[in-house]
Amino acid sequence: MYRIVSAIFLAENIKKFEIEAPMIAKKRKAGQFVIVRVESNGERVPLTIADSDPEKGTITIIVQGAGKSTRELNRKEAGDSIADVVGPLGTPSHIENFGTAVSIGGGVGTAIAYPTAKALKEAGNYVITINGARTKELVLLEDEMKACSDEAYITTDDGSYGYNGFVTQKLQELIDSGKKIDFVLAIGPIPMMKAVADVTRPHGIKTVVSLNPIMIDGTGMCGGCRVTVNNEIKFACIDGPEFDAHQVDFKNLADRNRIYQHEEKEAGDAFEHACKLHGQG
Ligand code: NAD
Ligand code: FES
């Protein structure tokens, strides 16, 4: 069992957990993830490691309550335990001094962009962060992103905070202003990552995205996480999760992620119903 050291909501339905996992905390690198099972008979959920503290032996994950298992996890509190935490999994982010690196986080994707932005800063890059959310209350890790940025921008779709517009509009403005950008990392919803790739492609800016296909074992055995990159099949759990944005087949990824939509909704609804019956709202 893995003990939860702290658990706090960052926004509605989005919770940050610090979990005791000393071996993972020691080994993990930016861009890697863990697979979590809330209960021993539960679903396996891949979650990117947002941060770690090797001294304390803890890792940090940020969870959006989307399906049954993530909602179940978000009901856990400090002092509770999680059945399994397996990792670190996946290929770490490729970090070097590119020059000027832009790290873009869309919504919950910011939690995944953060460790890589931090590593890019530590490698000597001039780091620009663009942190987008639908509205002010959903802006995540503002202070953490600022701390690893030379320039930090917040965007909101409704203009309630920071720049009014999508992350891609801010990126386009930066490019149009003549800023020389050498590298872009974009993590968030699939339409956002595709839109970022479309903005950078004409300028030949190296762009990397982190893909979130359905995963099961997380070790390259089941084939559940297959994605198409440069017309080749890759397994996101071992070949990725980061890939060249200009070579990713985003339509294929979106289609595959919808395969179990119906079952996921049914399981989520049944879970909510059971919680209500037991007076857990
Ligand atoms: P969201 O829908 O609130 O979008 C976040 C930001 O992304 C927006 O504020 C906007 O700036 C930008 N964006 C969204 N659509 C865009 C478009 N069409 N063009 C340009 N920019 C766009 O995000 P959310 O609700 O936090 O995230 C939900 C989705 O993100 C889920 O489907 C989840 O699976 C996915 N996700 C992906 C990853 C990953 O590893 N790639 C990580 C976390 C979440
Ligand atoms: Fe099974 Fe990647 S999750 S091969």
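Fair warning: this is a prediction, and the values are worked out from it, not measured in the lab. (Residues numbered from 1 in each chain as written. Chains lettered and ligands numbered in written order. Predicted model: local features only at pLDDT ≥ 70, side-chain atom pairs only at ≥ 80, totals over all residues. Heavy atoms only, no water.)

1. Looking at a negative patch on the surface
Residues E43, E263, E264 and E266 make up a contiguous surface patch of negative charge. Tracing the chain through its elements places E266 in helix α9 (residues 261–277). (Patch = residues over 30% accessible without salt bridge, like charges linked within 9 Å, V, L, I, M, F, W, Y side chains within 5 Å. Areas by Shrake-Rupley, 256 points an atom, 1.4 Å probe, with all protein chains shown as cover. Salt bridge = Lys/Arg side-chain N within 4 Å of Asp/Glu carboxyl O. Lys, Arg positive; Asp, Glu negative; His and termini not counted. Charge placed at Lys NZ, Arg CZ, Asp CG, Glu CD. Helix = DSSP H or I, 4+ residues; strand = E, 2+ residues; numbered from the N terminus.)

2. Some thoughts on the UniProt feature "domain: FAD-binding FR-type" (unreviewed entry) in the protein chain
Here, the residues flagged by UniProt with the feature "domain: FAD-binding FR-type" (unreviewed entry) are residues 1–95. Secondary structure content for residues 1–95 is 13% helix and 48% strand, while the C-alpha to C-alpha distance between its ends is 33 Å. (UniProt positions renumbered as here; feature names shortened; annotations may be inferred.)

3. Examining the sheet that holds strand β2 (residues 14–20)
What holds strands together in a sheet is hydrogen bonding between their backbones, with the strands either parallel or antiparallel. Strands sit in the order β6-β1-β2-β5-β4-β3-β7 across an open sheet of 7 strands; the sheet is antiparallel. Strands with a single pairing partner mark the edges of an open sheet, and in this sheet they are β6 (81–82) and β7 (84–89). Each of β4 (45–53) and β5 (58–64) touches helix α3 (residues 110–122); the most contacted strand, β4, lies at about 40° to it. (Pairing = 2+ DSSP bridges. Contact = heavy atoms within 4.5 Å. Axes fitted to C-alpha atoms, helices over the stretch in contact; angles between N-to-C directions.)

4. Some remarks on the packing of helix α6 (residues 190–200) against helix α8 (residues 250–257)
The interhelical angle for the contact between α6 and α8, taken along N-to-C directions, is 180°, at an axis separation of 10 Å. Judged by the angle between their axes, α6 and α8 are roughly antiparallel. Contacts between α6 and α8 involve I190, M193, K194 and A197 from the former and F250, L253, A254 and N257 from the latter. A class-by-class count of the residues in the contact of α6 with α8 yields 6 nonpolar, 1 polar and 1 charged. (Parallel < 35°, antiparallel > 145°, perpendicular 65-115°, else oblique. Nonpolar A, V, L, I, M, F, W, Y, C, P; charged D, E, K, R; others polar.)

5. Topic: the packing of aromatic side chains
With the rule as written, the count across this model stands at 1 aromatic pair. In this structure, K136 packs its charged tip against the face of Y161, placed 5.3 Å from the ring centre. Sitting above the plane of the Y153 ring, K170 keeps its charged end 4.4 Å from the centroid. (Phe/Tyr/Trp six-rings, centres within 6.5 Å; stacked < 30°, edge-to-face > 60°. Lys NZ or Arg CZ within 6 Å of the ring centre and 35° of its normal.)

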